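A look at the structure
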Amino acid sequence: MLRAGQTVIFPTETVYGLGADATNPAAVTAIYAAKQRPADNPLIVHIWHHDQVDELACNLPDYARQLIREFFPGPFSLLLPKRPLIPDITTAGSSKVCLRMPSLELARRFLELSGRPVAAPSANLSGRPSPTRWQDCLEDMDGRVGAILTGPEAAFGLESTIVDASGPVPVLLRPGAITLEQLRLVVPEIATNQKLVREITPGMKYRHYAPEARVYLVTPGEVPALPVDRAGYIGLTPPAFEPAYQLLAANLQDYGRQLFSFFRECDRRGLNTILAQTVDQKGLGRAIMNRLRKAAA
Ligand code: TXA
Ligand code: MG
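Residues take numbers from 1 onward in each chain, read along the sequence in its written order. The lettering of chains begins at A and the numbering of ligands begins at 1, in the order of writing. In keeping with the predicted nature of the model, local features appear solely for residues at pLDDT of at least 70, side-chain atom pairs appear and are counted solely at 80 or more, and the whole-chain, interface and lining totals rest on all residues. With hydrogens and water excluded, all non-hydrogen atoms of the structure serve as input to the side-chain values.

The next subject is the pairing of strand 5 (residues 96-100). Any residue under 20% of the maximum accessible area for its type is buried, any over 50% is exposed, and the rest in between are partly exposed; the area is computed with a 1.4 Å probe on protein chains only. Starting at the N terminus, helices and strands are each numbered in turn, a helix being any DSSP run of H or I of at least four residues and a strand any DSSP run of E of at least two. In terms of residue burial, strand 5 counts as a mostly covered element, since four of its five residues are buried. Here strand 3 (residues 44-46) pairs with strand 5 via three bridges, running parallel. When the sheet's bridge partners are listed, Val45 is paired in strand 5 with Leu99. Sheet topology places strand 4 (residues 76-81) next to strand 5; five bridges connect them, and they run antiparallel. Bridge pairing in strand 5 places Leu79 opposite Cys98. Only strands that DSSP links by at least two bridges are regarded as paired with each other.

Laid out in structure tokens, this is it:
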């Protein structure tokens, strides 16, 4: 189906992706249509083999090679100058392409059998929380795609870490499961400047990760000044109030893994408010706070 230009949803270790042949403009157009994604928001291109990096990208700085050696395959994407094999529509007109090599074995086998670089955004309708289970994909995309390859629940549950490696200094564009601390061990000079991030990443201006319910952040021990009778709560420690539904995460990994499916569960339960506990901006906490702030915006 993928080779025939159709869309196929497939599992990865971060979130499910809505895939199509990245070298086929008509197939890529079908991704934008299925997701109702704005045409100026570029797509990540998925690969299964290291040799594909130099087929699809060029002018790699030394630090990009180091990052690839360290973090491909894994929950990590790298923005690089693109080669002509990737059409402009895949990168929304940008001269740069974002490459990712998933580590989930089922994803890699799917990519390899397709024989194509696969463009894939998260397999949610634009603006909704990313899908971490195939059932979430069905909820958003039933009738809108060619097929769903059903696989396991996503191990990380948050989208990949994205680093811009097209300039002299690497820039962290999106925090994820590969943490800033891990990146600094490889590229100590990495920048996190938010103004730069907004300039480089077209997708940042759009509403993100949002359930129907309004999301508010609460600090540990805080009692919110709103009614909580139809509120869901997610956090690391028990709330200082009585929500209608709650999910206590065992640790940061568990919080990140379950966050988006918790958002969707609150919507299915018809809750109108979500109270999410803030965490420290350390390690995986940076990615969790990034998604929480966007969901609450
Ligand atoms: O974990 C992930 O990265 C998942 C799985 C399916 O691989 N994919 C994912 O894709 O999260 P998406 O489209 O939901 O988020 C990709 C982000 C967007 O904010 C987009 O603007 C940015 O990456 N991006 C992709 N290609 C880019 C490019 N050429 N230049 C700048 N930003 C780019
Ligand atoms: Mg997305």
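Running from amino to carboxyl end, helix 8 (residues 252-268) crosses helix 9 (residues 285-296) at an angle of 20°, the nearest separation of the two axes being 9 Å. Judged by the inter-axis angle, helix 8 sits roughly parallel to helix 9. Two packed elements cross with a definite hand, and for helix 8 against helix 9 that hand is left-handed. Every residue of helix 9 that contacts helix 8 at Leu252, Tyr255, Gly256, Leu259, Phe260 and Phe263 is listed here: Gly285, Ile288, Arg291, Leu292 and Ala295. For every element, the axis is a line fit to its C-alpha atoms; helices are fit only across the contacting stretch, and the angle between N-to-C directions ranges from 0 to 180 degrees. The labels follow the angle: roughly parallel below 35 degrees, roughly antiparallel above 145, roughly perpendicular from 65 to 115, and oblique for the rest. Rotating anticlockwise by less than a right angle from the far helix to the near helix defines a left-handed crossing, while the corresponding clockwise rotation defines a right-handed one. In what follows, residue pairs with any heavy atoms lying within 4.5 Å of each other are defined as contacts.

This part takes up the sheet that holds strand 12 (residues 245-248). Judged by pairing direction, the sheet is parallel, and its four strands sit side by side in the order 10-13-11-12 without closing on themselves. The open sheet is flanked by strand 10 (214-218) and strand 12, the only strands paired with a single partner. Pairs of neighbouring strands in the sheet enclose a mean axial angle of 15°, with direction left out of account. Where strand 11 (residues 231-235) lies against strand 13 (residues 273-277), four bridges are found, and the strand directions are parallel. When the bridges of strand 13 are listed, Tyr233 appears paired with Leu275. Each of strand 10, strand 11, strand 12 and strand 13 is contacted by helix 8, which is oriented at about 175° to strand 11, the strand it contacts most. Strands in contact with helix 9 are strand 10 and strand 13; relative to strand 10, the strand with the most contacts, it is inclined by about 135°.

Under the pairing criterion, centres of Phe, Tyr and Trp rings, with the six-membered ring standing for Trp, must be within 6.5 Å; the plane angle then separates stacked pairs below 30 degrees from edge-to-face pairs above 60, leaving the rest tilted. Using the criterion set out here, one finds six aromatic pairs in the structure. Of the aromatic side chains, those joined through ring pairs into one cluster are Phe71, Phe72 and Phe76. The lysine or arginine in question, Arg269, covers the ring of Tyr245, its NZ or CZ lying 3.8 Å from the ring centre. In this scheme, Lys NZ or Arg CZ marks a charge over a ring once it lies within 6 Å of the ring centre and within 35 degrees of the ring normal.

Turning next to the state of the cysteines. Our working definition of a disulfide is a cysteine sulfur pair at a distance within 2.5 Å. With the rule as written, the count across this model stands at zero disulfides. With no disulfide of its own, Cys58 lies 15 Å from the sulfur of Cys98, the closest cysteine sulfur. Residue class for Cys58 comes out buried when judged on its relative accessible area of 17%. Left without a disulfide partner, Cys137 is nearest to the cysteine sulfur of Cys266, which lies 19 Å away.

Once that is clear, we can look at the sheet that holds strand 7 (residues 147-148). Spatially, 7-1-2-6-3-5-4-8-9 is the arrangement adopted by the nine strands of the open sheet, whose pairing is mixed. Two strands in the sheet have a free side with no partner beyond their single neighbour: strand 7 and strand 9 (171-174). In terms of strand pairing, strand 3 meets strand 6 (residues 118-119) through two bridges, oriented antiparallel. Within strand 6, the residue paired with Val45 across the bridge is Ala119.

Before going further, it helps to spend a moment on unusual backbone geometry. Backbone torsion omega between Phe72 and Pro73 reads -5°, so that peptide bond is classified as cis. When you line up the elements, Pro73 lands in the loop between helix 3 (62-71) and strand 4. Phi angles above zero are rare outside glycine, and Gln36 is one such case at about 55°. Along the chain, the position of Gln36 falls in the loop between helix 1 (25-35) and strand 3. The phi torsion at Asn59 lies on the positive side, around 55°, for a residue other than glycine.

That is the geometry; function is a separate question.
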